[in-house]
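Letter by letter, the chains look like this.
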Amino acid sequence: MSHSVSPLSPRSPVSRFWFPFSLVLFEFAVYISNDMIMPGMPLVTREFGASAEMTTLALTAAMLGNASLQWLLGPLADRFGRRRVLLCGLVMFIVACLAVHYVQTMPQFIALRFLQGMGCCFVLTVGYPTVHEAFEEKTAVRVMALMANVSLLSPLFGPLAGAAVVSFWPWRSIFWLIAIVAVFSFVGLYRTMPELSRHDRNALNARQLWAGYKLPLSSGRFWRGAVLTGLAVTPLLTWIALGPVFLIERAGLSQMQYAMLQVPVFAALILGNVLLARQVGRWSNGRLLATGVAAMLIGAAVSLVGTAILAPGYPALLIGTTLHAFGMGMCYGVVYRQSLFAVDSPNRATVAGMLSMITIVVAVAVIEAMKFAYLHFGDAALGIGAMLAAALVAVLAANFVPPPTQDALAQPARKA
């Protein structure tokens, strides 16, 4: 085993600023690639002659890409070094963004969205641990708070920026702009990212990998938390994935009107996170979870009743999804942490990777089911689906937090 040294020490004043800043740029580029393209998806499907149902695949493909490598990147980074692995992932992301300029079919576009989604794996599994190891606790906490804010603000900024771009330039311009941001990130990370991980030749041993994943997969409580987490995010992700269809294609709204309707939804998500941060330590985790689930149920009821009596039903879905997003912000961090610590594992990163993978697979399966129902039965199907998801969340959340609990830490929610 050996340690390699990056061009700049993590204690260097230059590295202390530019390394986390460059990593935040990478994270921002990955997240904004999901949000900026959504207003332009009707233009994409129109150009390629694809049906409206293909719109959701732009998001679900990226989500599946996010889930595809998390199980492997940790051991890869231990074997070859985090710096090398992260930079390779960033290069892949840049190439996938630039390659969009040459796509001629919808399947080619979806394949590149899958590769772009992989970028999130590198940020979460390789970048985050490096921040914690490179800096003292206070600095690391500040950096992670900044990165959490980026992940929360991108869905607010992304649709507005994407709508502005497609109003004046071709939709492919979105990925050129994202690639430029990612190139700046690469230059910064290449010059300033420290290499602190071990080059462990046994890190990719198949037996050791299975031993690490077997522990969470054999825990019923872990599975319960993973499914609960996946179901909790599906009404919000369905709003994002199907929004271009029922807001632009069917309701006839402009790209900018579509983007403006995202603001209250994600503002409510941020408000829920802020309230969670304020009440942690004052309220028990059980109370935080119950409050969040109650808001989700109320939102689902608004969506269900509103879509049944209103035509078009998107105003009711807007209000219902906004309430759901607030409830998700209130309790997502509690559910995530309880799931993460459902098993006593020596390798928490392995548990986190498996939790993320299951959450995303559950969310994608529900989104595709909701898409099928909507295309065949209309807005009311989305209201029914939101109610079913919220009801299942309430069932799974009952007694999920063991009383009493001293676990008052929770991380901010982000769309999966």
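About the thresholds
- Residues numbered from 1 in each chain as written.
- Predicted model: local features only at pLDDT ≥ 70, side-chain atom pairs only at ≥ 80, totals over all residues.
- Heavy atoms only, no water.
- Core = buried A, V, L, I, M, F, W, Y, C linked by side-chain atoms within 4.5 Å.
- Buried < 20%, exposed > 50% of the residue type's maximum accessible area, 1.4 Å probe, protein only.
- Helix = DSSP H or I, 4+ residues; strand = E, 2+ residues; numbered from the N terminus.
- Domains from an automatic or database assignment.
- pLDDT = per-residue confidence, 0-100.
- Contact = heavy atoms within 4.5 Å.
- Expected span 1.5 Å × (residues − 1).
- Bend = angle between axes of the 7 residues up to and from the residue.
- Axes fitted to C-alpha atoms, helices over the stretch in contact; angles between N-to-C directions.
- Parallel < 35°, antiparallel > 145°, perpendicular 65-115°, else oblique.
- Nonpolar A, V, L, I, M, F, W, Y, C, P; charged D, E, K, R; others polar.
- Patch = residues over 30% accessible without salt bridge, like charges linked within 9 Å, V, L, I, M, F, W, Y side chains within 5 Å.
- Areas by Shrake-Rupley, 256 points an atom, 1.4 Å probe, with all protein chains shown as cover.
- Salt bridge = Lys/Arg side-chain N within 4 Å of Asp/Glu carboxyl O.

Chemist: Hey, could you run me through the nonpolar core in this one?
Modeler: In terms of nonpolar packing, the biggest core is built from 125 residues, with Ile37, Phe109, Trp171, Ile178, Trp239 and Phe246 touching the most fellow members. Sorting elements by how many residues they give to this core places helix H10 (residues 220-249) first, with 16 residues. Each of domain 1 (12-191) and domain 2 (219-399) accounts for three or more of the residues forming this core.

Chemist: Please explain the confidence of the model for the protein chain as it appears in this structure.
Modeler: Of all residues in the protein chain, 88% have pLDDT values of 70 or greater, and the mean over the chain is 85. Segment residues 1-8: pLDDT under 50, and 23 contacts once partners within four positions in sequence are set aside and those in other chains are kept. For residues 405-412, every residue scores under 50 in pLDDT, and the model assigns this stretch 20 contacts once sequence neighbours within four places are set aside.

Chemist: What is the right way to read H10 from this model?
Modeler: Each full turn of the α-helix corresponds to 3.6 residues, which orients residues three or four apart in the same direction. With 30 residues, H10 should reach 44 Å at 1.5 Å per residue; the first-to-last C-alpha distance of 42 Å fits that figure. At Leu242, H10 is bent by approximately 60 degrees, the largest bend along its length, and proline Pro244 sits one to four residues beyond. Burial analysis of H10 places 24 of its 30 residues in the buried class, which makes it a mostly covered element.

Chemist: Please explain the packing of helix H4 (residues 70-80) against helix H5 (residues 82-99) as it appears in this structure.
Modeler: Helix-helix packing is described using two parameters, namely the angle between the two axes and the distance between the axes. Two elements in contact, H4 and H5, have axes whose closest approach is 7 Å; the angle formed by their N-to-C orientations is 125 degrees. Relative to H5, H4 is oriented oblique. Between H4 and H5, the residues in contact are Leu73, Leu76, Ala77 and Phe80 and Arg82, Arg84 and Val85, respectively. Along the lines of polarity and charge, the residues of the contact of H4 with H5 split into five nonpolar, no polar and two charged.

Chemist: Would you explain unusual backbone geometry in this entry?
Modeler: Only a minority of non-glycine residues have a phi that is not negative, and only a minority of peptide bonds are not trans. Unusually for a residue other than glycine, Asn399 sits at a positive phi of about 60 degrees. When you line up the elements, Asn399 lands in the segment after helix H15 (379-397). Note on Asn399: relative accessible area 74%, which makes it exposed.

Chemist: Help me understand a nonpolar patch on the surface in this model?
Modeler: A cluster of nonpolar side chains, Phe17, Trp18 and Phe21, forms an exposed patch at the surface whose accessible area comes to about 310 Å². Along the polypeptide, Phe17 turns up in helix H1 (residues 13-37). For Phe17, a relative accessible area of 46% puts it in the partly exposed group.

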